[in-house]
Amino acid sequence: FNSLKLSLAKDVYSPEKTDAFLPDFNFESSSSMETITSALIQTATNNFNNVGKLLNEKTLFNTVALILKARSIQIGGIGASAVAAMDLYQKLTRLGICAFFNQETHMQLTAAATLLPSDMFFAFSYSGETNDILLPVQLAKERNVQVVAVTRVGENSLSKLADFIFAIPDTESLSRHGATISRMNQLLIIDILYTALITRAMEQSLANIARTRKVISELNKKTLKI
């Protein structure tokens, strides 16, 4: 009965009929913790395999080369995609690569408006239709800046603007209860990119990682003494 009610609600509140929010939630109140855990793990495993199938090696190669030669990397992401954007920012910083990320929309626009052709813009948007990301991307393109995007597979506004696209599986409806697998897929792309960057500049990358680990470790020791 609960499944029937959910199906009816999805039909009534489909995006074509209304803007009302309905999360794509496939569990019931009686679902066991084991069922929830195993279902999400299996779903994540299947989607990670699909990320691998969608990954274009030429795109990966060109993006790595672009990052290594860019004057700076401006990163854009809003909401759940900001989690991925922050992760990329942290990883690039650890490698000594000049990267910037600010979750505030106006700051992302401001940064995009001052980019140079020698910079690059890295955009995250699962839907590919988020105006807060599309606007700075459009500004970057107007300034002849190359754009890399991580977005769901299929044509969308962001993919039309991007020079290089990392497509992730279309796993969740746009009116979802919260990003889950889509966020994991974005983070997997970042981990692949991060590892590829390390291998292309191994000695310098490992030295920078060791240096950053040391300063954080020293900070933790000082904090403990206090």
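Conventions we followed
- Residues numbered from 1 in each chain as written.
- Predicted model: local features only at pLDDT ≥ 70, side-chain atom pairs only at ≥ 80, totals over all residues.
- Heavy atoms only, no water.
- Helix = DSSP H or I, 4+ residues; strand = E, 2+ residues; numbered from the N terminus.
- Buried < 20%, exposed > 50% of the residue type's maximum accessible area, 1.4 Å probe, protein only.
- Areas by Shrake-Rupley, 256 points an atom, 1.4 Å probe, with all protein chains shown as cover.
- Core = buried A, V, L, I, M, F, W, Y, C linked by side-chain atoms within 4.5 Å.
- Contact = heavy atoms within 4.5 Å.
- Pairing = 2+ DSSP bridges.
- Axes fitted to C-alpha atoms, helices over the stretch in contact; angles between N-to-C directions.
- pLDDT = per-residue confidence, 0-100.
- Expected span 1.5 Å × (residues − 1).
- Arc of directions from axis to C-beta.
- Patch = residues over 30% accessible without salt bridge, like charges linked within 9 Å, V, L, I, M, F, W, Y side chains within 5 Å.
- Salt bridge = Lys/Arg side-chain N within 4 Å of Asp/Glu carboxyl O.
- Parallel < 35°, antiparallel > 145°, perpendicular 65-115°, else oblique.
- Nonpolar A, V, L, I, M, F, W, Y, C, P; charged D, E, K, R; others polar.

Check the secondary structure of the protein chain and you find nine helices and five strands. Here the protein chain holds 226 residues, and 37% of them are scored as buried. In the structure as shown, the protein chain presents an accessible area of about 12,900 Å², 57% of it carried by carbon and sulfur atoms.

To continue, consider the nonpolar core. Membership of the largest hydrophobic core comes to 34 residues, with the highest contact counts inside it found for Ile 67, Ile 73, Ile 75, Leu 92, Phe 122 and Phe 124. Taken together, the elements giving at least two residues each to this core come down to α3 (57-69), β1 (73-76), α4 (81-94), β2 (99-101), β3 (120-124), β4 (146-152), β5 (164-168) and α8 (181-200). Among the elements that take part in this core, α8 stands out by supplying seven residues, more than any other. Setting aside anything within four residues of it in sequence, one finds Ile 73 in contact with Ile 67, Leu 92, Ile 97, Cys 98, Ala 99, Phe 100, Met 120 and Phe 122. Residues Ala 112, Leu 115, Phe 121 and Ala 140 belong to the second largest nonpolar core, which totals 13 residues.

Two strands in a sheet stick together by hydrogen bonds in their backbones, pointing the same way (parallel) or opposite ways (antiparallel). The strand order β2-β1-β3-β4-β5 describes an open sheet built from five strands, whose pairing is parallel. Two strands bound the open sheet, and with one partner strand each, they are β2 and β5. Averaged over neighbouring strand pairs, the angle between their axes works out to 15° when direction is ignored. Sheet topology places β1 next to β2; three bridges connect them, and they run parallel. Residue pairing in the sheet places Ile 73 in a bridge with Ala 99 of β2.

Turning next to the pairing of β5. In terms of burial, β5 is largely enclosed, as four of its five residues are buried. Strand direction decides the pairing type here: β4 and β5, joined by five bridges, are parallel. Residue Arg 152 lies in a different strand from β5, and its bridge partner there is Ile 168.

Bringing the confidence of the model for the protein chain into the picture now. On average, residues of the protein chain score 86 in pLDDT, and 82% of them reach the 70 mark or higher. Low confidence marks residues 12-23, where pLDDT is under 50. Its contacts with residues over four positions away, or in another chain, come to 16 contacts.

On to helix α2 (residues 33-54). Between the first and last C-alpha of α2 there are 31 Å, a value that for 22 residues agrees with the 32 Å anticipated at 1.5 Å per step. Looking at α2, one finds that the buried residues are Ala 44, Asn 47 and Val 51. All buried residues of α2 fall inside an arc of 75° around its axis, so they share one side. Among the exposed residues of α2, those oriented more than 90 degrees off its buried face are Glu 34, Ile 41 and Lys 53. On its buried face, α2 sits against α8.

Side chains of Val 215, Ile 216 and Leu 219 sit close together on the surface and give an oily, nonpolar patch of about 270 Å² of accessible area. By the element assignment, Ile 216 lies in helix α9 (residues 202-225).

The next subject is the side chain of Asp 119. Its location among the elements puts Asp 119 in the loop between α5 (105-113) and β3. Discounting chain neighbours no more than four positions away, the residues touching Asp 119 are Arg 71, Ser 72, Val 145 and Gln 146.

For Asn 144, which is not a glycine, the phi torsion comes out positive at approximately 60°. Within the secondary structure, Asn 144 sits in the loop between α6 (131-142) and β4.

Orientation of α5 relative to α6, taken along the N-to-C sense of each, is 10°, at an axis distance of 8 Å. Comparing their axes, α6 and α5 come out roughly parallel. Contacts between α5 and α6 involve Thr 105, Gln 108, Leu 109, Ala 112 and Ala 113 from the former and Asp 132, Ile 133, Leu 135, Pro 136, Leu 139 and Ala 140 from the latter. Its residues assigned to classes, the contact of α5 with α6 shows eight nonpolar, two polar and one charged.

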